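Here's the letter readout for the chains.
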Amino acid sequence: GAGDIAAETCESAVMSTGAGDIRVAHVGSCNLNSGAGDVSVDDCSENVEIRTGIGEVRVGSSRGQLKIVSGTGDAHAVVQGGNAEVRTGLGDVVIQVPSEVAVWQDLTTGMGEVRSHVPSHGEPEPGDGERPLQVLTEKDPEALEVLRHSTAHIMARAVMRLFPGTQLAFGP
């Protein structure tokens, strides 16, 4: 219906509301669905799927498999480990990854902006020690060049594995 859902813990459950907000402190393995309301989770520890139509999604900390699908709302998450798949139609996607964590991310948006903050390596930069990750889409003019460059490295590694003793050389 249109009512809000609030819970301290959600383990192995489905929570759905048409227009209300969903707020959960700790989520284990759950699906959270809201048509028009916001979804807010303080901590996710396992497999969590969050879907909203026009609501905003906020995840304070995620250590498991996190999937967020939002039609028009923004999606914000701090990923402490595991995997993050975040898709929005019109909203922005903002993901933060602490410096000691390596995370697989799949971030897409139709009309919004994608911002991912990953740890910096080497000399710290001014500010909080993190730098933005540039995510390219097919709309970016340099995307094809970057794709070709990256796949050339992948192909070179594949050839080296298939043919031991192959030496890698760079140049024109």
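To be clear, the structure that these remarks concern was listed above.
In short, a report on the structure. (Residues numbered from 1 in each chain as written. Predicted model: local features only at pLDDT ≥ 70, side-chain atom pairs only at ≥ 80, totals over all residues. Heavy atoms only, no water.)

### What to know about the overall build of the chain
The condition is simple: Put simply, DSSP marks the helices as runs of H or I at least four residues long and the strands as runs of E at least two long, and each gets a number from the N terminus on. The cut-offs for exposure are 20% and 50% of the maximum accessible area for each residue type, with area from a 1.4 Å probe on protein chains only; residues under the lower value are buried, those over the upper are exposed, and the others partly exposed. Here, residues are in contact when the closest pair of their heavy atoms is within 4.5 Å. Accessible surface is estimated by sampling points in the Shrake-Rupley manner with a 1.4 Å probe; for residues, cover comes only from the protein chains shown.
Per the secondary structure count, the chain includes one helix and 14 strands. Taken across its 172 residues, the chain has 33% of its residues classed as buried. A separation of at least 24 residues holds for 2% of the contacts in the chain among residues at least 6 apart in sequence. Just so you have it, the chain exposes about 10,000 Å², and 54% of that area is on carbon and sulfur atoms.

### Things to note about the pairing of strand 5 (residues 39-44)
Here is the rule: At least two bridges found by DSSP between two strands are what make those strands a pair.
As paired elements, strand 3 (residues 22-27) and strand 5 share five bridges and run parallel to each other. Bridging from a neighbouring strand, His26 pairs with Asp43 of strand 5. Of the pairings in the sheet, the one linking strand 5 to strand 7 (residues 57-62) comprises four bridges and is parallel in character. Residue pairing in the sheet places Val39 in a bridge with Val57 of strand 7.

### Side note on the nonpolar core
The following threshold applies: Side-chain atoms within 4.5 Å link the members of a nonpolar core, which is a set of buried Ala, Val, Leu, Ile, Met, Phe, Trp, Tyr and Cys residues.
Ranked by internal contacts, the top residues of the largest apolar core, which has 24 residues, are Val27, Leu32, Ile50, Val59, Leu66 and Ile68. Setting aside residues up to four positions removed in sequence, Val59 forms contacts with Val41, Cys44, Ile50, Leu66, Ile68, His76, Ala77 and Val78.

### Focus on the state of the cysteines
Rules: By definition, disulfides here are pairs of cysteine sulfur atoms that lie within 2.5 Å.
Evaluation of the coordinates by the stated rule reveals one disulfide. The disulfide partner of Cys10 is Cys30, and the gap between their sulfur atoms is 2.3 Å. Looking along the S-S bond of the Cys10-Cys30 disulfide, the torsion reads about -115 degrees, which is the left-handed sense. Of this pair, Cys10 sits in strand 1 (residues 5-10) while Cys30 sits in strand 4 (residues 30-34); the two residues are 20 residues apart in sequence, bridging distant segments of the chain. Assessed through its relative accessible area of 2%, Cys30 is described here as buried. With no disulfide partner, Cys44 has as its closest neighbouring cysteine sulfur the one in Cys30, 8.9 Å distant. Residue classification places Cys44 among the buried positions, given a relative accessible area of 0%.

### What about the environment of Gly3?
Tracing the sequence through the fold places Gly3 in the segment before strand 1. Expressed as a C-alpha distance, the spacing of Gly3 and Gly20, which sit 17 residues apart in the sequence, is 4.7 Å. Setting aside residues up to four positions removed in sequence, Gly3 forms contacts with Thr17 and Gly20.

### Structural notes on unusual backbone geometry
Its identity is not glycine, yet Ser12 carries a phi of approximately 50 degrees, on the positive side. Within the element layout of this structure, Ser12 appears in the loop between strand 1 and strand 2 (13-17). For Ser12, a relative accessible area of 64% corresponds to the exposed category.

### Examining the side chain of Ser61
Along the polypeptide, Ser61 turns up in strand 7. Residues in contact with Ser61, not counting those within four places in the same chain, are Asp42, Asp43, Cys44, Val78 and Gln80.

### Details of the pattern of salt bridges
Here is the rule: Salt bridge, as used here: a side-chain nitrogen of Lys or Arg that lies within 4 Å of a carboxyl oxygen of Asp or Glu.
Evaluation of the coordinates by the stated rule reveals five salt bridges. Of the charged contacts, one joins Arg63 and Asp43 as a salt bridge, the two residues approaching to 2.5 Å between their closest N and O atoms. Taken together, the residues span a long stretch of sequence, with Arg63 in the loop between strand 7 and strand 8 (65-70) and Asp43 in strand 5 at a distance of 20 residues. You can call Arg63 partly exposed: its relative accessible area is 41%. Taking relative accessible area as the criterion, Asp43 reaches 17% and is therefore assigned buried. In this structure, Arg58 and Glu56 form a salt bridge, with 3.0 Å as the shortest nitrogen-oxygen distance. The class for Glu56 is partly exposed, based on a relative accessible area of 25%.

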